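Now for the letters of each chain:
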Amino acid sequence: MISQWCKFALFISLLMPGVVMSSDAGAQDSEDSTATTELSCSFTMEKGETGRPCHVPFPQGCLVASIPGTKRPWTTISKGGRLQCRFDETKTDWKTTIVGTCDRCRSVRCSAHFSVRFDCSTQH
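Summary of the structure given here. Given the structure is predicted, the values throughout are model-derived calculations rather than measurements. (Residues numbered from 1 in each chain as written. Predicted model: local features only at pLDDT ≥ 70, side-chain atom pairs only at ≥ 80, totals over all residues. Heavy atoms only, no water.)

### Here we look at the overall build of the chain
Quick note on the threshold: In DSSP terms, a helix is any run of H or I states spanning at least four residues, a strand is any run of E spanning at least two, and both are numbered starting from the N terminus. Residue burial considers only the protein chains on display, and all accessible areas are found by Shrake-Rupley using a 1.4 Å probe.
Helix and strand counts for the chain come out as one helix and seven strands. If you list the helices and strands of the chain from N to C, you get α-β-β-β-β-β-β-β. Of the roughly 9000 Å² that the chain leaves accessible, carbon and sulfur atoms contribute 56%.

Here it is, written out as C-alpha cells:
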C-alpha cells in the first residue's frame with residue numbers, strides 16, 4: 001500500500017513539468033521587443049578624489065536602446081559611497097559617445113558603475 005506522503009510526492013512530480021512549461025510560455029518575446037546588449041564602465045576612488053570620465057564602449061552598428069514604452073535611453077547608474085553621478089550631457093551624444101562622471105567622493109571609498117543597453121538587431 002502506498003503511503004499518503006508517496007502519493008503527494010508523485011502528484012507534485014507530475015504537476016511540476018506542466019507548471020514550468022506554462023511559465024516559460026509567458027516569458028517569450030513579443031514581436032515588438034528586441035534583444036539588447038549591455039556594456040558598462042566602472043571605477044573606484046578614495047575620499048576627496050573626483051571621478052574621472054568613464055567611457056561606456058559603443059558597439060559598432062548598434063543603437064542605444066530605449067526604455068520600453070519611452071524614448072529615454074536605457075541606462076543604469078549604480079554607486080557606492082557618498083557621491084553624485086550622472087551621464088555627462090556635454091560629452092555624451094548617445095550616438096557614438098557615452099561618458100559618465102561623478103562629483104568628489106565624500107566617504108572613505110566610493111565606486112561608480114555606468115551601464116547602457118544597446119539594440120544591435122540592425123546588424124543582422
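### Considerations on the sheet that holds strand β2 (residues 54–55)
What counts here: When DSSP finds two or more bridges between a pair of strands, those strands are recorded as paired.
Strand order in the open sheet formed by three strands is β2-β6-β5, with antiparallel pairing between adjacent strands. A single partner strand is all that each edge strand has here, and the edge strands are β2 and β5 (85–87). Here β5 runs beside strand β6 (residues 99–102); their pairing, made up of three bridges, is antiparallel. In the sheet register, C85 faces β6, and the bridge partner there is C102.

### Examining the packing of aromatic side chains
Two aromatic rings are characterised by how far apart their centres lie and by the angle between their planes. Going by this rule: Ring pairs shown here join Phe, Tyr and Trp side chains whose ring centres sit within 6.5 Å, with only the six-membered ring taken for Trp; geometry is labelled stacked below 30 degrees between planes, edge-to-face above 60, and tilted in between. Partly exposed describes any residue whose relative accessible area lies between the buried limit of under 20% and the exposed limit of over 50%, with all areas from a 1.4 Å probe on protein chains only and scaled to the type maximum.
According to the stated counting rule, one finds four aromatic pairs in the structure shown. Pairing F87 with F114 gives two aromatic rings, centres 5.4 Å apart and planes at 65 degrees, and the pair type is edge-to-face. Separated by 27 residues along the polypeptide, F87 in strand β5 and F114 in strand β7 (residues 109–119) bring together distant segments of the chain. Comparing F87 with F114, the two get one shared label, buried. Taken together, the ring pairs in this structure connect F43, F87, W94 and F114 into an aromatic cluster.

### Some remarks on a positive patch on the surface
Keep this limit in mind: Only residues whose relative accessible area exceeds 30% and that form no salt bridge enter a patch; like-charged residues are grouped when within 9 Å of one another, and nonpolar side chains (Val, Leu, Ile, Met, Phe, Trp, Tyr) when within 5 Å. Here, a salt bridge means any Lys or Arg side-chain nitrogen found within 4 Å of an Asp or Glu carboxyl oxygen. Two residue types count as positive, namely Lys and Arg, and two as negative, namely Asp and Glu; His and chain ends fall outside the count. Where a charge sits is defined by one atom per residue type, namely NZ (Lys), CZ (Arg), CG (Asp) or CD (Glu).
A contiguous patch of positive charge, built from K47, K79, R82 and R106, is present on the exposed surface. For R106, the location among the structural elements is in the loop between β6 and β7. Classification of R106 by relative accessible area gives partly exposed; the value is 42%.

Bear in mind that shape data such as this cannot, by itself, settle questions of function.
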